Amino acid sequence: MTAAPPEDLDALTTHIAERLRGAADSRKGPWRTPVLSTVGAGGPNARVVVIRSIEPAARRIEIFTDSRSAKLAEITADPRVALTFWDPDAHEQLRIAAVARTVEDTALVDARWEAIGPVGQALYGDGPAAETRGRFVVIEAVWSLWDWLWIGATPHRRARITWERGAPQGRWIAP
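Here the residue numbering is sequential within each chain, running from 1 through the sequence in written order. Per-residue local features of the predicted model are confined to residues with pLDDT of at least 70, and side-chain atom pairs are confined, for both listing and counting, to 80 or more; whole-chain, interface and lining totals are unaffected and use all residues. As a rule here, side-chain values cover all heavy atoms of the structure and leave hydrogens and water aside.

### Here's the deal with the packing of aromatic side chains
Any two aromatic rings considered together are summarised by their centre-to-centre distance and by the angle between their planes.
Then comes step 1: Aromatic contacts are taken between Phe, Tyr and Trp rings whose centres are within 6.5 Å, Trp giving its six-membered ring; a plane angle under 30 degrees counts as stacked, one over 60 as edge-to-face, and the others as tilted. Summed over the entire model, instances satisfying the criterion amount to nine aromatic pairs.
Then comes step 2: Note on Tyr124 and Phe136: the rings are 5.2 Å apart at their centroids and 90° apart in plane angle, and the pair reads as edge-to-face. Here the residue Tyr124 occupies a position in the loop between helix H3 (106-122) and strand E7 (136-150), and Phe136 occupies one in strand E7, the gap between them amounting to 12 residues. An identical accessibility class is assigned to Tyr124 and Phe136; each is buried.
Then comes step 3: An aromatic cluster of three or more residues is present, and its members are Phe64, Trp113, Tyr124 and Phe136. The way it works is that DSSP assigns letters per residue, a run of H or I at least four long becomes a helix, a run of E at least two long becomes a strand, and they are numbered from the N terminus. Each residue's exposure class comes from its accessible area (1.4 Å probe, protein chains only) as a fraction of the maximum for that residue type: buried when under 20%, exposed when over 50%, partly exposed otherwise.

See below:
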């Protein structure tokens, strides 16, 4: 078991931002593959995604998807999404409420496409080595809320951090 997270809300906000940065930087990090939840015509849908980039100062998370995926149609129809991160070793859960959209910056999307290389590019084709650049979509989600829970001890600790006025505003809440 890892050490207890900070008890000060400002320090906790920094701790969470560092964990999120690590999700994008470490292929094996527990927060690398959160569950993305969207709302479709038939109700809620959830699936595991891979975090590709995180910019805490901009409150921005980036994931990639195929233009044929249901998640893209669902985000287009209703951009409100949730991401749920879980680390079983640290006993930490983070739920993020965000608004998602496709990235239209062609230069950024081209750079991401090049960065995934031939193996990643093949995922967007109809078979091995049949990549199709036109199916590659970058989605960014900009968060407005973190709901953090630590169940590493009794009592559990839970905090809610919002960005209603630009700067993070945190408060402790009861689980």
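### Re the pattern of salt bridges
Then comes step 1: Here, a salt bridge means any side-chain nitrogen of Lys or Arg that lies within 4 Å of a carboxyl oxygen of Asp or Glu. Enumeration over the complete set of coordinates arrives at 14 salt bridges.
Then comes step 2: Across the pair Arg19 and Asp87 runs a salt bridge whose closest N-O atoms are separated by 2.6 Å. Here Arg19, found in helix H1 (residues 9-25), pairs with Asp87, found in strand E5 (residues 80-87); they are 68 residues apart in sequence, far enough to count as distant.
Then comes step 3: Judged by relative accessible area, which is 7%, Asp87 ranks as buried.
Then comes step 4: Ionic pairing is found between Arg68 and Asp66, a salt bridge with its closest N-O pair at 2.7 Å.

### Here we look at the environment of Arg60
Then comes step 1: Tracing the backbone shows Arg60 in strand E4 (residues 60-66).
Then comes step 2: Overall, the relative accessible area of 9% leaves Arg60 in the buried class.
Then comes step 3: Contacts of Arg60, omitting those with residues within four sequence positions, involve Ser53, Ile54, Glu55, Val103, Leu108, Glu140, Ala141 and Trp143. Any two residues whose heavy atoms approach within 4.5 Å are treated as being in contact.

### As for empty space enclosed by the protein
Then comes step 1: Cavities and pockets were defined on a 1 Å grid built from protein atoms only: a cavity is a group of points that admits a 1.4 Å probe but offers it no way out, a pocket is an open group of points flanked by protein on both sides within 12 Å along at least five of seven lines, and a lining residue is one with an atom within 4 Å of any such point. Grid points are joined across faces, edges and corners, and a volume is the space filled by probe spheres set on the points. Tallied over the full model, the rule gives one cavity of 30 Å³ or more.
Then comes step 2: Approximately 40 Å³ is the volume attributed to the largest cavity.
Then comes step 3: Lining the largest cavity, in full, are Leu36, Ile61, Ile63, Ile75, Leu83, Ala100, Ile139, Glu140 and Ala141.
Then comes step 4: Every element with two or more residues in the lining of the largest cavity is listed here: E4 and E7.
Then comes step 5: The biggest single contributor to the lining of the largest cavity is E7, with three residues.
Then comes step 6: Following the grouping adopted for this structure description, the nonpolar residues are Ala, Val, Leu, Ile, Met, Phe, Trp, Tyr, Cys and Pro, the charged ones are Asp, Glu, Lys and Arg, and the polar ones are all others, Gly among them. A per-class count over the lining of the largest cavity returns eight nonpolar, no polar and one charged.

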